[in-house]
Structures are given as structure tokens and as C-alpha cells.
Amino acid sequence: MQHQATTAKNGCSSKDANNGSKNDGGSATESLYGLKDVDGVVGGPKHGGLFADADQSFAELDGLIQPKTVSKTDQEIVRIIGQHLTSIGLHRSAEVLMQESGCRLDHPAAAKFCQHVMDGDWNKAEMDLTELKNVLVCPQNLVEMKFLLQEQKYLECLEDGRVMEALNVLRHELTPLGHNVVRVHELSGFMMCSTGEELREIAQWQGKGHLSRGALMERLQRFLPASIMLPPRRLHALLTQAVDSQKERCPYHNVKSNAPFDNVSLLSDHMCSKDQLPLETWQILNDHCDEVWFCRFSPDGTMLATGSKDTTVMIWIVDPDNCSLTHLKTLEGHSYGVAYLSWSPDSSHLAACGPDDCPELWVWQVETGQLRTKLSHASEDSLTSCAWHPDGRRFVAGGCRGQFYLCDLEGNVLESWEGVRVQALAWKTDGKTVLAADTHHRIRGYNFDDLTDCNILQEDHPIMSFTVNSTGRLALLNVATQGVHLWDLQDRILVRKYQGLTQGFYTIHSCFGGLGQEFIASGSEDNKVFVWHIRRELPLATLTGHSRTVNCVHWNPRFPHLLASASDDGTVRLWGPSQECRDSANAASTQATTNNAAAAGSTVTNHSSDSPKSTPSNSGHSTYTGASNGS
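In this text, all values refer to a predicted model and were calculated from it rather than measured experimentally. (Residues numbered from 1 in each chain as written. Predicted model: local features only at pLDDT ≥ 70, side-chain atom pairs only at ≥ 80, totals over all residues. Heavy atoms only, no water.)

Trainee: Tell me about the pattern of salt bridges, and name the residues and values.
Mentor: A side chain of one charge can pair with a side chain of the opposite charge if their charged atoms are brought near each other. A full pass over the atoms with the stated rule returns 24 salt bridges. One salt bridge connects D160 with R162, and the closest N-O pair in it is separated by 2.9 Å. Judged by its relative accessible area of 37%, D160 falls in the partly exposed class. Residue K208 is joined to D160 by a salt bridge in which the shortest nitrogen-to-oxygen separation is 3.0 Å. Pair noted here: K208 is in the loop between helix 10 (196–203) and helix 11 (210–221) and D160 is in the loop between helix 7 (141–159) and helix 8 (163–174), with a separation of 48 residues, a long-range link. (Salt bridge = Lys/Arg side-chain N within 4 Å of Asp/Glu carboxyl O. Buried < 20%, exposed > 50% of the residue type's maximum accessible area, 1.4 Å probe, protein only. Helix = DSSP H or I, 4+ residues; strand = E, 2+ residues; numbered from the N terminus.)

Trainee: Describe the UniProt feature "repeat: WD" (unreviewed entry) in the protein chain, naming the residues involved and giving the relevant values.
Mentor: As annotated in UniProt, the feature "repeat: WD" (unreviewed entry) corresponds to residues 285–316, 331–362 and 543–575 in the numbering used here. Counted over residues 331–362, helix gives 0% and strand 41%. Its end C-alpha atoms are 10 Å apart. For residues 543–575, helix accounts for 0% and strand for 48%, while the C-alpha atoms at its two ends are 9 Å apart. (UniProt positions renumbered as here; feature names shortened; annotations may be inferred.)

Trainee: Can you tell me about the sheet that holds strand 26 (residues 550–555), naming the residues and giving the values?
Mentor: In space, the four strands of this open sheet follow the order 1-28-27-26, with antiparallel pairing throughout. For this open sheet the edge positions go to strand 1 (280–285) and strand 26, each flanked by a neighbour on one side alone. Here the strands of the sheet are splayed against their neighbours by 20 degrees on average, with no regard to which way each runs. The pairing of strand 27 (residues 563–567) with strand 28 (residues 572–576) spans four bridges and is antiparallel. Bridge pairing links S565 to R573 in strand 28. (Pairing = 2+ DSSP bridges. Axes fitted to C-alpha atoms, helices over the stretch in contact; angles between N-to-C directions.)

Trainee: Now, about the packing of helix 5 (residues 108–119) against helix 11: what can you tell me, with residues and values included?
Mentor: Two quantities define a packed helix pair, namely the angle between the axes and the distance from one axis to the other. At a minimum axis separation of 9 Å, helix 5 and helix 11 run at an interaxial angle of 145 degrees. Helix 11 is crossed by helix 5, and the crossing has right-handed handedness. Between helix 5, through F113, C114, V117, M118 and D119, and helix 11, the contact on the second element is made entirely by H210, R213, G214, L216, M217 and L220. The residue inventory of the contact of helix 5 with helix 11, partitioned by class, reads seven nonpolar, two polar and two charged. (Left-handed = near helix turned anticlockwise from the far one by under 90°. Contact = heavy atoms within 4.5 Å. Nonpolar A, V, L, I, M, F, W, Y, C, P; charged D, E, K, R; others polar.)

Trainee: How would you explain the pairing of strand 14 (residues 422–427) if you had to name every residue and give the values?
Mentor: For strand 14, the tally of buried residues reaches five of six residues, placing the bulk of the element in the interior. Pairing between strand 14 and strand 15 (residues 433–438): five bridges, direction antiparallel. Across the sheet, the residue bridging to A426 is L435, located in strand 15.

Trainee: Requested: an account of the nonpolar core, with residues and values cited.
Mentor: Of all hydrophobic cores here, the largest spans 47 residues; its most connected members are L304, V313, I315, L341, L350, L361 and F395. With five residues, strand 4 (residues 313–319) is the single largest residue contributor to this core. Excluding anything up to four places from it in sequence, I315 contacts M303, L304, A305, T326, H327, L328, K329, L331, W343, L350 and V366. With 23 residues, the next largest nonpolar core counts A109, A110, V135 and M229 among its residues. (Core = buried A, V, L, I, M, F, W, Y, C linked by side-chain atoms within 4.5 Å.)

Given below as C-alpha cells:
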């Protein structure tokens with residue numbers, strides 16, 4: 001009868017642990033300087049001829065299976081498969097695989113070390129380290145490995161109530177290592193824990209047993225070369241990398257996954273359907289009574305703000321499950337119309353700007369609908385753009401007449417920059433530099449702290465608008481008569497020109513969006529919405545439905561399946577994935593969680609690309625007038 005190997009979480013086998021060892025004291029048949037890489041290459045590239053005197057082949061046979069000669073790559077594949085079989089409990093299958101291939105899962109010395117760690121035999125585990133020290137990736141890591149072993153031993157002694165033994169470990173084994181003094185002080189504080197439960201909670205430790213020891217072994221394995229002991233869950237890591245790479249190359253991937261292999265089959269290459277993208281109209285909002293110039297989701301994704309020539313801002317609540325918007329309130333009193341909106345980073349405030357001849361900027365407290373401040377520095381000002389500082393307590397505002405201000409929430413001008421004709425604004429992620437597109441076809445950086453500026457990029461035609469992605473590295477520009485351009489702000493190079501849309505001298509606002517901001521969307525003067533993958537110049541999709549110029553599009557930053565567009569036809573459209581895709585996603589979500597989740601994933605029927613699910617009426621709207629609240 002073949003030996004039934006025992007295994008730990010990390011897949012080390014007791015069969016390998018016992019091979020080549022005369023006793024558990026670590027007196028191995030293969031000497032300390034005779035360790036051989038598991039793939040059969042003596043010494044290996046890192047260690048040269050250090051182990052040239054190793055005694056015999058690592059292939060372990062019981063006389064029943066004749067080993068085959070396999071290449072180095074095949075040996076590695078066999079080891080990885082063997083590790084996975086062992087980790088899922090198929091020990092006999094893994095053993096037969098190792099015997100038939102003539103391979104070992106791990107080197108006997110490493111397997112023995114793993115077994116002693118999993119058994120909690122700390123003295124023998126430390127003796128094993130002496131045997132393994134010559135094959136460590138970095139010999140200096142020996143102290144770190146000893147520290148981790150003694151730390152686990154110390155915690156287990158405390159949990160068992162062996163306080164004096166724990167104190168001895170702390171004083172005579174951990175402290176003399178002179179390693180990670182801060183952690184030693186933390187460990188000493190755990191002596192005050194009165195119960196094992198309190199210890200586990202404060203130490204954020206899983207407690208004595210295979211879970212914590214398995215986690216410890218995973219940390220220790222990272223100090224050993226893969227030729228001696230495989231990294232933990234190596235097959236899982238390789239498959240995760242492969243799936244992630246395929247998702248990255250997929251032009252339509254736009255679905256969040258809680259685990260690497262959710263909604264993925266390993267039997268075929270990953271390729272999403274275009275239906276995952278927000279390409280169908282799910283709702284048409286007709287509440288504005290004139291051209292809609294701007295739309296913007298809040299940073300937390302729960303609200304949508306729309307600004308119109310009809311002098312109002314409307315706030316909508318987002319229902320991501322049903323792909324719908326519900327009217328929350330209307331903010332009135334913008335006598336010039338609302339051409340630009342900017343949410344504060346915490347979604348609590350909303351700044352509204354008007355068209356070129358508007359000298360006012362309004363800041364609303366969204367929850368209460370109260371006007372926080374009304375900035376009107378001079379009657380000759382033109383405040384057409386603004387951007388919030390990352391701290392949410394300041395913002396910059398400017399326009400095409402040469403005004404450029406840094407203000408606080410009360411509307412006080414903290415700093416000003418004269419003579420800068422601003423087309424669009426954005427803060428860099430460092431919170432120090434403001435990016436401003438000006439009338440000289442360029443974007444420049446302005447630092448209000450030391451009042452310095454520098455040129456970032458130069459276009460040959462007017463920059464009508466621009467936006468920056470979440471990393472602050474990339475900028476998306478709508479350039480008059482040219483279309484949409486992608487720039488790398490760090491390297492200051494033009495990365496890509498997107499094709500398809502019609503861009504004249506109207507101000508059109510494009511956006512980054514989708515899962516990981518891997519997509520680009522823009523309105524167009526030919527009444528369409530265009531969607532691109534960020535790495536492809538040709539559009540993935542062209543969305544129709546609007547009857548006049550599409551002034552602005554915005555992708556929901558939290559729910560990548562939602563996209564909004566605003567048009568001169570007086571409507572706002574909410575775009576979502578196909579009905580079939582939504583039904584499939586809801587079914588998968590329901591099956592993966594509980595049967596009770598089915599109700600939460602329900603969708604509304606009677607939906608088509610041109611016939612919206614629902615069109616809210618104006619009845620019952622909450623309306624707030626800025627003039628009544630004062631400034």
C-alpha cells in the first residue's frame with residue numbers, strides 16, 4: 001500500500017518531508033551543502049556549484065511506476081500541478097504524478113521544514129532553517145525567518161496560558177535577534193490580554209492551528225527559491241495572471257469581479273460581449289425645458305446633476321440596479337443658464353458656472369438645497385469653469401476674460417492670477433498645481449503656493465474642454481475641428497487621437513470611465529455619443545437617440561455600467577447594458593449569494609433603445625431658489 005501523504009494549507013507533503021531524513025532532528029542524508037534543486041539542476045543558477053556533491057537523484061520510486069524523462073519546463077509544470085492536487089486534498093493522485101514523472105514537489109529539507117512548522121515543532125523548525133540557510137534567496141533573511149517562527153511560538157504560548165514560557169521566548173529568543181524592535185514592543189503588550197479571544201482580536205491573529213501556521217508558512221516560503229519550494233498556490237497565481245491579462249486585452253470588459261475567476265471559464269480564452277457596455281437607452285429625462293448643457297455624476301456615484309439653459313440645476317438619485325434616475329430636487333436662480341458643474345470630492349457641495357458672459361459662480365449644499373455662497377467678484381468677470389481642491393475646502397474658478405481665482409467655501413478670494421484666459425480647469429492629484437487650458441491652445445500648470453507656472457502641453461487648435469483621469473496621469477482634450485486627444489501629462493506627449501466624432505467650435509465635454517477607466521466617451525455635433533476603448537482609436541460603439549448636439553457625457557465613477565449624456569434637444573439620456581446582459585448578471589448574482597437577492601436584482605420591463613423605462617414627471621419636485629436663500 002502506498003503511503004498516504006499528509007498536507008498543510010500550502011501543499012507541503014509529509015512524504016517529501018521524510019525522504020532523505022534519518023530522523024526528525026534535521027540530520028538529513030543530503031548534507032547542508034548537498035541540497036539539490038527540485039528540478040534536478042544541481043546548485044541552480046543562483047548557487048553555482050555549491051551543491052555539486054549531492055548524492056543521488058531526487059526521483060523517489062517504490063518500484064511500481066517507471067519514471068519518465070521529462071524536460072525542465074515539464075518538470076516545473078508537473079510540480080505546479082502536484083502542488084495544486086495536494087492543496088485540494090488529492091494526495092494519492094499527486095503522489096502518483098510525482099512518481100511517474102520522477103519529480104519531487106519540494107526539496108526534502110524544505111518539505112521537512114514545512115511539516116515541522118505545521119506541526120508546531122518550533123525547535124526542529126529552527127534547526128531546519130540552519131540546513132536551508134545556504135539556499136535562501138537572500139542569506140540576511142535568515143533572521144527574519146527565525147523572528148517569524150518565534151513570534152508564532154510566542155503567540156501560541158500566550159493563547160494556551162503558558163505566560164512564563166511566552167515571557168521566556170520574548171526575552172531569550174525574540175529580543176536577542178535584535179530584529180524589528182517595534183514589533184517586539186507590540187508583542188510584549190499582548191502579555192496584558194486576559195483571554196485568548198482578546199489576544200486574537202488585538203493581535204489580528206487567527207489563533208493556534210493550521211490557519212495561522214499555514215499563513216506563517218506562506219510568509220516563510222517567500223524567502224526560499226522556487227526551485228527548492230514552490231511559492232504558495234502557484235497554479236492559482238499563474239491562472240490569475242493569465243485571466244487578468246486576457247481581461248486587459250478584451251476591448252469590452254466592464255464587469256467588476258469579487259474573485260479572479262468569477263464569470264470566467266478556464267477552458268477558453270476570455271472575451272466579453274459588447275452588451276456589457278452602456279450602449280442602450282434605459283431612461284430619457286425630459287424635465288428641463290431648454291438645452292441641457294452639462295451633466296455630472298457625483299464622486300460617490302449616487303447622484304447625477306444636470307445643468308440647463310433654462311437656468312436650473314436638477315439633482316437625480318441613481319438606482320444602479322434598475323438603471324434609473326429619480327428626481328431629488330431642483331436648484332433655481334442661475335439667470336445666465338448653467339454650462340458647467342463641479343462636485344466637491346465628498347459629494348456634499350456642487351459648484352455651478354454659467355456661459356461666457358456669466359460673472360457669477362454658485363456653490364450649493366446638496367443635502368439641504370441651500371445656497372452656500374454666490375461668487376461675483378466683479379461685474380466684468382467671466383466665471384465659466386471651476387475645479388475643487390482635493391481637500392474639498394477650496395476651489396479655483398476662471399473664465400475667458402482673464403480672471404483666475406482661488407476661493408474658499410465662503411467665496412473669499414484667497415489668491416488670484418491675472419491675465420489668464422481660462423477655458424477649463426482641473427487640480428492635479430498632488431493638490432498643489434492647477435491645470436488650466438487657455439486661449440493660446442495650451443494647458444499650463446499654476447502653483448498658487450509659490451506663484452509659479454509652467455507649460456504642460458501645446459495643441460495647434462483651441463482646446464474647448466479637458467478632463468483628467470483618476471490617477472492624474474492622463475488628460476482627455478476636446479480640440480476644435482480635431483476631435484478628442486489623449487495626452488500623457490507626465491511625459492508630456494500626445495498618446496492617441498480618437499476618430500469618428502464631429503467636433504467644431506462648440507464646447508463638448510468628454511470623459512474617462514468604465515471599469516478601471518479603460519473607456520473613453522464623448523458627445524458630438526452630429527447628435528451622437530461615441531465610445532472608445534482607451535487603447536483603440538476607432539470607436540467601439542456609436543450611440544444614437546439624441547436629435548441635436550450632445551454637449552456632455554459622463555460615466556458613473558462607481559457603477560461602470562451607467563453613462564449619462566446631455567443634449568441641446570433638451571433631454572438627458574441614461575445609458576446602460578443590454579437587457580439580456582442585465583438579466584444574466586442578475587441571475588448570476590442571485591445564484592452566487594442567496595435566493596433572497598432575487599428581488600433586489602429585479603428590472604423593469606417595457607424597455608427599448610428608443611422607448612425609456614420611465615420618464616419622471618415634475619409633480620412633487622422639490623425646488624430651491626438661490627435668491628431666496630441669499631449668499
